[in-house]
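Chain and residue survey
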Amino acid sequence: MANLKWGGVDCLELAKKFGTPLYVYDTGIIKSRCKELRDTFINRWDNVRVRYASKAFLTRSMAKLIEHEGIGLDVVSLGELYTALSAKFPPERIEMNGNAKSHDEISLCVKSGVGRIIVDHPDELQIIEKYAQEFGRVQKILIRAAPGVDAHTHAYIATGQTGSKFGFPLDGDMLPDSIKYAMKSEYLNLTGLHFHVGSQLFEIDDYLKSLDIIIGLMKKLKDSLNFTTHELNLGGGFGAVINPAIPAMKSSFYTDSMMKLLHEKCKAYNLEIPRAVIEPGRWIISESGITLYTVENIKSLTGITFIAVNGGMADNPRYALSQAEYNAVRVKNFDEPVNYNNTQVSIVGKCCESGDILIENAKIQEVKPGDVIALYNTGAYTFSMSSSYNKLQRPAVVFVENGNAKLVVERQSLEDITRGDLLID
Ligand SMILES: *Cc1c(COP(=O)(O)O)cnc(C)c1O
């Protein structure tokens, strides 16, 4: 019988010291993911790059950690870019995505020397040119293509299908016209193409189908416009497992097959093999993170038991958004067998929505009010999607490793809740 430890630190101690709800990240796991990417992708293939999709989880300490691990960052907003730059992240290792970039975002990208801007709309070309001219730069860009493959994942996290709001459609003139425009521009250096199939993909078929279509596009662009794709960004979306008892997906499961297809098909088409870039988010961060909550009360009704905790959709809206699944344990004696075998158990939050559910069918040890529970694999898209709905205070973030715990984001204070909220008469 033991308490759950994370990064070698007793989770009850963490709850006592930092309060709950609490986001806890084992940086050892993040580093081992980065090492796996170096060992099985960066060092296995020539001329490849990794960019961490920072929207999954970004703090300044996280940016620093990623920098030390030799990986780049993918950002999608002024706020993410600012966070990275304020942590002194090297701008040339940053790439900017996004389907609705503002002038302010594009201007800061060009001014600060961001490595690549991934163009998602033809209008962006002239805006980038304008700022490149103003700041005396030649901006490297990629164009995001929508391969038209409908990925097998939740509809809200599929992005590569026909009719997606992301990317340039492969039919019609939009794509070739923009490529021609960029090739002529003195201020744009169009280095290649980008695509992203979707998120939380556990099979390789949709990737390979999309990649195959994109290599076909590269061939067409070479033949019709003499355009050479020097770089190809394959996107992210590698699956993160839900249950810690199930081994994590290997990144090489995705990258080996994709690189093989890329090499073979480019050779067959007599195309230069482009530099391949991947931008995983959740695969790097999801499994390193857990969230600690304190149980407020338990309501046993006929057929269902609600375990209500002191957080919920404000700190983790992912069940509400896309029915994301999680596993939970009671921190104290977490290795005891699960109880509640004869009833359905829902772990719910304290927000004023019936959809404020964390786990719909939980398998967990018996709990009582005041017990601390841990949700596993909450590292991705929780802190980054959190809100202060119901004026809940956004939880703190703690990094743990080798028995040490360090606070990296403070819990919002009550003063923070009314910061900027002007009281007028
Ligand atoms: C969200 C996103 C990613 C990362 O997705 P994950 O599922 O977290 O790996 C990568 N690239 C683009 C363009 C994205 O929008």
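Heads up: these notes are all about the structure in this document. (Residues numbered from 1 in each chain as written. Predicted model: local features only at pLDDT ≥ 70, side-chain atom pairs only at ≥ 80, totals over all residues. Heavy atoms only, no water.)

Let's talk about the overall build of the protein
The number of helices and strands found in the protein is 12 helices and 20 strands. In summary, the protein has a C-alpha radius of gyration of 23 Å against a globular reference of 22 Å for 425 residues, a match within 12%. Along the first, second and third principal axes, the C-alpha set of the protein runs to 70 × 55 × 40 Å. Across the 425 residues that make up the protein, the buried fraction comes to 55%. Across the protein, contacts joining residues at least 24 apart in sequence account for 72% of those joining residues at least 6 apart. Surface accessibility of the protein: about 18,700 Å² in total, with carbon and sulfur atoms responsible for 50%. (Helix = DSSP H or I, 4+ residues; strand = E, 2+ residues; numbered from the N terminus. Rg over C-alpha atoms; globule rule 2.2 N^0.38 Å. Buried < 20%, exposed > 50% of the residue type's maximum accessible area, 1.4 Å probe, protein only. Contact = heavy atoms within 4.5 Å. Areas by Shrake-Rupley, 256 points an atom, 1.4 Å probe, with all protein chains shown as cover.)

Brief notes about the pattern of salt bridges
Overall, the coordinates contain 18 salt bridges when judged by the stated rule. Where Arg-51 meets Glu-95, a salt bridge forms, and the shortest distance between an N and an O atom there is 3.0 Å. Separated by 44 residues along the polypeptide, Arg-51 in strand β4 (residues 48-53) and Glu-95 in strand β6 (residues 94-96) bring together distant segments of the chain. A relative accessible area of 1% places Glu-95 in the buried class. One continuous salt-bridge network, built from bridges that share partners, spans Arg-49, Arg-51, Glu-95, Arg-116, Glu-231 and Arg-275. (Salt bridge = Lys/Arg side-chain N within 4 Å of Asp/Glu carboxyl O.)

Description of the side chain of Asn-233
In this structure, Asn-233 sits in strand β11 (residues 231-233). You can call Asn-233 buried: its relative accessible area is 0%. Those residues in contact with Asn-233, other than ones at most four positions away along the chain, are Glu-95, Leu-142, Leu-193, His-194, Phe-195, Val-277 and Glu-279.

Quick notes on the site of the ligand
Not every one of the 14 residues close to the ligand is listed here, only the nearest: Lys-55, Ser-199, Gly-237, Glu-279 and Tyr-381. Between the ligand and the protein, one listed contact pairs an oxygen atom with a backbone N or O atom of Gly-237 at 2.8 Å. In the model, an oxygen atom of the ligand is placed 2.9 Å from a nitrogen or oxygen of the Gly-281 main chain. Burial of the ligand by the protein chains amounts to 94% of its free accessible area of 390 Å². Tallied by class, the residues present in the shell around the ligand amount to three nonpolar, seven polar and four charged. (Near = heavy atom within 4 Å. Polar contact = N/O pair within 3.5 Å; in protein donor to acceptor, adjacent residues only side chain to side chain. Nonpolar A, V, L, I, M, F, W, Y, C, P; charged D, E, K, R; others polar.)

A closer look at the side chain of Ser-251
With respect to the secondary-structure elements, Ser-251 resides in helix α9 (residues 251-268). Among all residues touching Ser-251, those that are not within four sequence positions of it are Glu-36, Leu-37, Thr-40, Phe-238 and Trp-283.

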